[in-house]
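# Working through the structure, step by step
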Amino acid sequence: MNRFAVGIRSNVRTFLRTPLNVVLALVLPLVVIEGWGQAMAGLPPMPTIEAIPLDLGRVLGAIFGVAIIAGLMGLVQMISAREADRRLVQTGYSPRTLLATRLATLAGVTIVVAGVNFGVLWLTVEPEAPLLVFAFLALAGVVYAFLGALVGAVLPRLFEGSLVVVFLAMMDAFLSGDSPLAADVPDFVQYFPLYHPKELLQSAVFDGTFAAGDLAFVGGYVLVLLVLVTAVFGATMRTSGGWSA
Amino acid sequence: MEMTTAPTETVDGSKTLVRGNVLEKTYGSRLPLGRSTPVLTGADIEVRAGEIVGIVGENGSGKSTLMKILVGVLDHDAGTVERYGTVGWCPQEPLLYDRLTVSETFRLFGAGYGMSREEIDAAKQRLADELDFEQYLDYRVDQLSGGNRQKVNLSIALMHDPDVLMLDEPYTGFDWETYLRFWDMAQDLADDGTAVVMISHLIEERSRLDRVFEVRNGLVHDVTDDETESELRSDREGDDE
């Protein structure tokens, strides 16, 4: 049997049979998008951005909603069955195949989550370039899904790992956003995981355009995370097994 | 160092399938002032085809560590492990995916072993019948009782008919009937040439074992000809006096 296909099916079943995952993926976007929007609604308009604070807040809420759900799912995928994974590797799965099934599942779930966020955003903000908005939300989710997976591979504890992902996502969305509360942020913020996805999303929502430089940066970010998570996961799953038949 | 080699013949003609030479393992702490615990300090062990070998020892003596090193899921600090053939490993705690059903669990691990769908289905039916968990094949692992979960845990180690079977207290939670059936299976496998290595705490099982190794003070001692662990212990205490 094809290990990759069986692995993917197993991961999807595991995801769907965890009700909290499904509820989070479906309910959180609405709460976060509207919550973030309302939180920013009372702020004065920003001089550099034409969008009203309510809509800007909703856009930031959407990207934060995708990031935090994808990040937590990436984390859980890595640590929920670490010991069973080791046994699976002993049976013959290569760590790379196992990781590929996990990341492919994560990417699929992230696209669904991005779709839900996009739907809420579509109803509340009416973006200029809907397809681009959906794509950039998915991209932001993939960045955080891989980041969550990396955190899970390095720090295989649910509570501590969740704190890292949640704190990072909140700080990232807040500092990367154009909130007047986070004005004059230092330059290094542009290296935060959500900075460029947010630039892409904001342009797509309000102008219907995007900057290729931002897209290239995010692509590079995903690649670097992929290399890191592969290296760390491979190291944690390394066994001295391997049998002669 | 890890090797896979052709099996070597012993004096009585049986093949050696697993050999650990001068194995050392210390569990260290990553923290600067953490404690490091040496567990194995030069353990030697050899397992031949067709025999049932018991590994005994006190709690914390290093039995599971030794088995994990022989299986290949734990790195050792020094020494060599040589293996021949396929290995089935049944860990002490069931290492399974809670939200998959029993059938899906077979499919996942069977794919790992490189088995075809037909081979997986056949193994599943055979083991479910032998260990009596047929009615639970569509149950999720997290909905099974401890004993049934352990049956699945054991079945995953057995499903690909391995040449070497490594079992870490495989009967925890079994009822008496299943326990007896398990021993019949182990004996049948050994008769067919499988090397069965088992961590055991029960003294009454010693009559079922061809050889018994005790892990003590970081080393492995062949205690096959000694009668019971308690006797061994009292002998040692007598020696110390």
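Residues numbered from 1 in each chain as written. Chains lettered and ligands numbered in written order. Predicted model: local features only at pLDDT ≥ 70, side-chain atom pairs only at ≥ 80, totals over all residues.

Turning next to the overall build of chain A. Each helix and strand counted, chain A has nine helices and zero strands in total. Going residue by residue from the N terminus, the α and β elements of chain A occur as α-α-α-α-α-α-α-α-α. Against the 2.2 N^0.38 benchmark of 18 Å for 245 residues, chain A shows a C-alpha radius of gyration of 19 Å, consistent with a compact globule. When the backbone C-alpha atoms are referred to their principal axes, chain A occupies close to 70 × 35 × 35 Å. Within chain A, the fraction of its 245 residues that count as buried is 48%. Excluding contacts between residues fewer than 6 apart, the proportion of contacts in chain A whose partners are at least 24 apart in sequence is 76%. (Helix = DSSP H or I, 4+ residues; strand = E, 2+ residues; numbered from the N terminus. Rg over C-alpha atoms; globule rule 2.2 N^0.38 Å. Buried ≥ 20, exposed ≤ 12 C-beta atoms within 10 Å, placed from the backbone. Contact = placed C-beta atoms within 7 Å.)

Each helix and strand in chain B was counted, giving six helices and eleven strands. Looking at chain B residue by residue over its 241 residues, the buried ones come to 44%. Sequence-distant contacts in chain B: of pairs separated by 6 or more residues, those separated by 24 or more amount to 72%.

Bringing the pairing of strand E8 (residues 164-168) of chain B into the picture now. Looking along a regular strand, one sees the side chains alternate between the two faces of the sheet. Residue and element names in this part refer to chain B. Judged by how many residues are buried, E8 sits mostly within the fold: five of five residues are covered. Neither face of E8 is left uncovered, since the one carrying Val-164, Met-166 and Asp-168 and the one carrying Leu-165 and Leu-167 both have all their residues buried. When strand E7 (residues 87-90) meets E8, the two strands line up parallel, connected through four bridges. Bridge pairing in E8 places Val-87 opposite Val-164. Pairing of E8 with strand E9 (residues 195-199), which is carried by five bridges, proceeds in the parallel orientation. Following the sheet pairing, Met-166 is matched in E9 by Val-197. The parallel pair E8 and E9 is bridged by helix H5 (residues 176-191), and the resulting crossover is right-handed. (Pairing = 2+ DSSP bridges. Right-handed = clockwise from strand over helix to strand, strands pointing away.)

So, about the interface of chain A and chain B. Much of the literature gives interface size as the accessible area that the parts lose upon coming together. With 25 residues of chain A at the interface, the matching set in chain B holds 30 residues. Those elements that place two or more of their residues in the side of chain A that touches chain B are helix H1 (3-16) and helix H4 (82-91) of chain A. If you tally residues by element for the side of chain A that touches chain B, the top one is H4 of chain A, at seven residues. Class assignment of the residues belonging to the side of chain A that touches chain B gives a composition of eight nonpolar, eleven polar and six charged. (Nonpolar A, V, L, I, M, F, W, Y, C, P; charged D, E, K, R; others polar.)

Residue and element names in this part refer to chain B. If you check the backbone angles, Val-22 has positive phi at about 45° while not being a glycine. Summarising the element assignment, Val-22 is placed in strand E3 (residues 15-27). Of note in this structure, Asp-161 is not a glycine but carries a positive phi near 50°. With respect to the secondary-structure elements, Asp-161 resides in the loop between helix H4 (146-158) and E8. Given 16 C-beta atoms within 10 Å, Asp-161 falls into the partly exposed group.

Below, the discussion takes up the packing of helix H2 (residues 102-113) of chain B against helix H3 (residues 117-131) of chain B. All names here are of chain B. Relative to each other, H2 and H3 sit at 130°, their axes nearing to 10 Å. Judged by the inter-axis angle, H2 sits oblique to H3. In terms of crossing hand, the pair formed by H2 and H3 is right-handed. On H3, the residues that touch Ser-103, Phe-106, Arg-107 and Gly-110 of H2 are Ile-120, Ala-123 and Lys-124. Here the contact of H2 with H3 is built from residues that sort into three nonpolar, two polar and two charged. (Axes fitted to C-alpha atoms, helices over the stretch in contact; angles between N-to-C directions. Parallel < 35°, antiparallel > 145°, perpendicular 65-115°, else oblique. Left-handed = near helix turned anticlockwise from the far one by under 90°.)

A word on the environment of Phe-136 of chain A. Looking at where Phe-136 of chain A falls in the secondary structure, it is placed in helix H6 (residues 130-154). Setting aside residues up to four positions removed in sequence, Phe-136 of chain A forms contacts with Pro-197, Leu-200, Leu-201 and Ala-204 of chain A.

Next up on the list: the pairing of E9 of chain B. Residue and element names in this part refer to chain B. Of all five residues in E9, five are buried, a share of seventy percent or more. Taking every second residue as pointing to the same face, both faces of E9 are buried, with Ala-195, Val-197 and Ile-199 on one and Val-196 and Met-198 on the other. Pairing between strand E5 (residues 52-56) and E9: four bridges, direction parallel. Paired with Ile-55 across the two strands is Ile-199, which belongs to E9.

This paragraph deals with the sheet that holds strand E11 (residues 219-222) of chain B. All names here are of chain B. Within the open sheet, the six strands sit side by side as E7-E8-E9-E5-E10-E11. Their pairing is mixed. On the outer flanks of this sheet lie E7 and E11, each paired with one strand and no other. Neighbour to neighbour, the strand axes of the sheet diverge by 20° on average, direction disregarded. Sheet strands touched by helix H1 (residues 63-71): E5, E7, E8, E9 and strand E10 (211-216). Its angle to E8, the strand with the most contacts, is close to 155°.

Counting 140 residues, the largest nonpolar core has Ile-63, Ala-67, Leu-137 and Ala-140 of chain A together with Val-197 of chain B as the members making the most contacts within it. Contact partners of Leu-137 of chain A, with chain neighbours within four places excluded, come to Ala-62, Ile-63, Val-66, Ala-114, Asn-117, Phe-118 and Leu-201 of chain A. (Core = buried A, V, L, I, M, F, W, Y, C linked by C-beta atoms within 7 Å.)

Mean pLDDT over chain A stands at 87; residues scoring 70 or higher make up 91%. Counted against residues more than four places away or in other chains, residues 240-245 of chain A, with its pLDDT under 50, gives 18 contacts. (pLDDT = per-residue confidence, 0-100.)

This next bit is on the confidence of the model for chain B. Within chain B, residue pLDDT values average 87, and 86% of them lie at 70 or more. At the low end of the mean pLDDT range in chain B sits helix H6 (residues 229-240) of chain B, at 50; at the high end sits H2 of chain B, at 97.

All names here are of chain B. The end-to-end C-alpha distance of H3, which contains 15 residues, comes to 21 Å, matching closely the 21 Å that a straight helix rising 1.5 Å per residue would cover. Listing the buried residues of H3 in full gives Ile-120, Ala-123, Lys-124, Leu-127, Ala-128 and Leu-131. Taken around the axis of H3, the buried residues stretch over an arc of 120°, which confines them to a single face. Those residues of H3 that are exposed and aimed more than 90 degrees away from the buried face are Glu-118 and Asp-129. As for H3, its buried residues are in contact with H2, H4 and H5. Of the residues trailing H3, Asp-132 is marked for its positive phi of about 65°. (Expected span 1.5 Å × (residues − 1). Arc of directions from axis to C-beta.)

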